[in-house]
Amino acid sequence: SPDLSHSDFIQLYRRDDEAIRAELRAGMMADRAMTSPKFLYDALGSKLFEAICELPEYYPTRIERAIFDTYLYDIARSVGRGATLIDLGAGNCAKAAYLFPLLQPLQYVPVDISVDFLKDAVEALRQRFPQIRMTGIGMDFSSTMELPSAVRREKRVFFYPGSSIGNFSPEDAGVLLGRIRDACQTDSSLLIGVDLVKDKAVLDAAYDDALGVTASFNLNLLVHLNTLMGADFNVRDWRHRGFFNEAESRIEMHLEARRDLTVHWPDGLRRFVEGERIHTENSYKYTQPGFQQLLERTGFSAAQTWTDERGWFMVCHARA
Ligand code: AVI
């Protein structure tokens, strides 16, 4: 039977409910109401996002997987064996696990905000790959990339798939990439998935699908806000908006009031007029040279890249 002593879990993040409420109140009271996309992911939100990844219109997950399928050996050759594979926003760890047979990492370090969320997935992986040391870390890597000493320093490979980098503004993405770069040691690198600019109709459909799953994902934010800040949002008063803003090169998601209404929470309220919006997410789309420049600006060397034949999505391996 596998050596189960070969793994551990380290929880570094402590949720601060008052800080969360303060952040949400500030966003609600801004001239243009907004919330951070991280609040889209309560338990139901995470399930709805998994459903989005199955939608015919939502191409990024499928195309990224196809790129990994097609170029698996090239990517594995570029990354090399025996890495310390650090999986940023690991979730169910499935994307990294797909690479294990070829990459044969010495240590796998899934990072997510909650280790509880990682435990089942890591437990199952340990059974399949008993030779890989697994160290689950509960950490908000958008605010720090300081890794505990249990993480091997040699040959760190940061794995950041799914184009989650797109949910940061280019400026914040630069800060995050810079932090990853600073956490790199000798012979370290970054393997990242990036969604690319394409036809507006394709992008609009990917974020406003016919079944309304993305609409549910966005509207569920209001249910989450009711829990987090004790607000009285009525989901039926709001509609989903998701579209590509070409000037900003980003998808924007908003929730739009269907009528004049007032939302209350214990120590405040906000009036919305019909058509007024809460901005809930941006998803930036890059050009290949644009993203390469961002990588180089943050201290990475020119990356090796792989794309699908339509050039819709890109996987980059950049050395520190
Ligand atoms: C998680 N992230 C990369 C997704 C995206 O495409 O920006 C979140 C998402 N929002 C709506 N659909 C998917």
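Our structure is the block above this text.
Here's a quick rundown of the structure. (Residues numbered from 1 in each chain as written. Predicted model: local features only at pLDDT ≥ 70, side-chain atom pairs only at ≥ 80, totals over all residues. Heavy atoms only, no water.)

1. Concerning the site of the ligand
As a matter of local geometry, the ligand sits amid 13 residues, with Tyr58, Asn167, Tyr207, Glu281 and Ser283 nearest to it. Asn167 places a polar side-chain atom, nitrogen or oxygen, 2.9 Å from a nitrogen atom of the ligand. Burial of the ligand by the protein chains amounts to 96% of its free accessible area of 340 Å². For the shell around the ligand, the elements supplying multiple residues, two or more each, are helix 2 (43–52) and strand 11 (277–284). (Near = heavy atom within 4 Å. Polar contact = N/O pair within 3.5 Å; in protein donor to acceptor, adjacent residues only side chain to side chain. Areas by Shrake-Rupley, 256 points an atom, 1.4 Å probe, with all protein chains shown as cover. Helix = DSSP H or I, 4+ residues; strand = E, 2+ residues; numbered from the N terminus.)

2. Some thoughts on the packing of helix 2 against helix 9 (residues 213–229)
At their nearest, the axes of helix 2 and helix 9 sit 9 Å apart, and the two run at 160 degrees to each other. In terms of orientation, helix 2 lies roughly antiparallel with respect to helix 9. For the element pair helix 2 and helix 9, the recorded crossing hand is left-handed. Contact residues: Leu44, Gly45, Leu48, Phe49, Ala51 and Ile52 in helix 2; Val213, Thr214, Ser216, Phe217 and Asn220 in helix 9. Here the contact of helix 2 with helix 9 is composed, by residue class, of 7 nonpolar, 4 polar and no charged. (Axes fitted to C-alpha atoms, helices over the stretch in contact; angles between N-to-C directions. Parallel < 35°, antiparallel > 145°, perpendicular 65-115°, else oblique. Left-handed = near helix turned anticlockwise from the far one by under 90°. Contact = heavy atoms within 4.5 Å. Nonpolar A, V, L, I, M, F, W, Y, C, P; charged D, E, K, R; others polar.)

3. Quick look at the nonpolar core
Core analysis: the largest hydrophobic core is formed by 68 residues, its most contacted members being Met28, Phe100, Tyr108, Leu191, Phe233, Trp238 and Phe272. Of all the elements, helix 9 adds the most residues to this core, at 8 residues. The contacts of Tyr108, once residues within four sequence positions are left out, are Leu85, Asp87, Ala90, Cys93, Ala96, Phe100, Leu125, Ile132, Arg133, Met134 and Thr135. Judged by nonpolar contacts, the second largest core, of 34 residues, contains Val109, Val151, Leu177 and Met314. (Core = buried A, V, L, I, M, F, W, Y, C linked by side-chain atoms within 4.5 Å. Buried < 20%, exposed > 50% of the residue type's maximum accessible area, 1.4 Å probe, protein only.)

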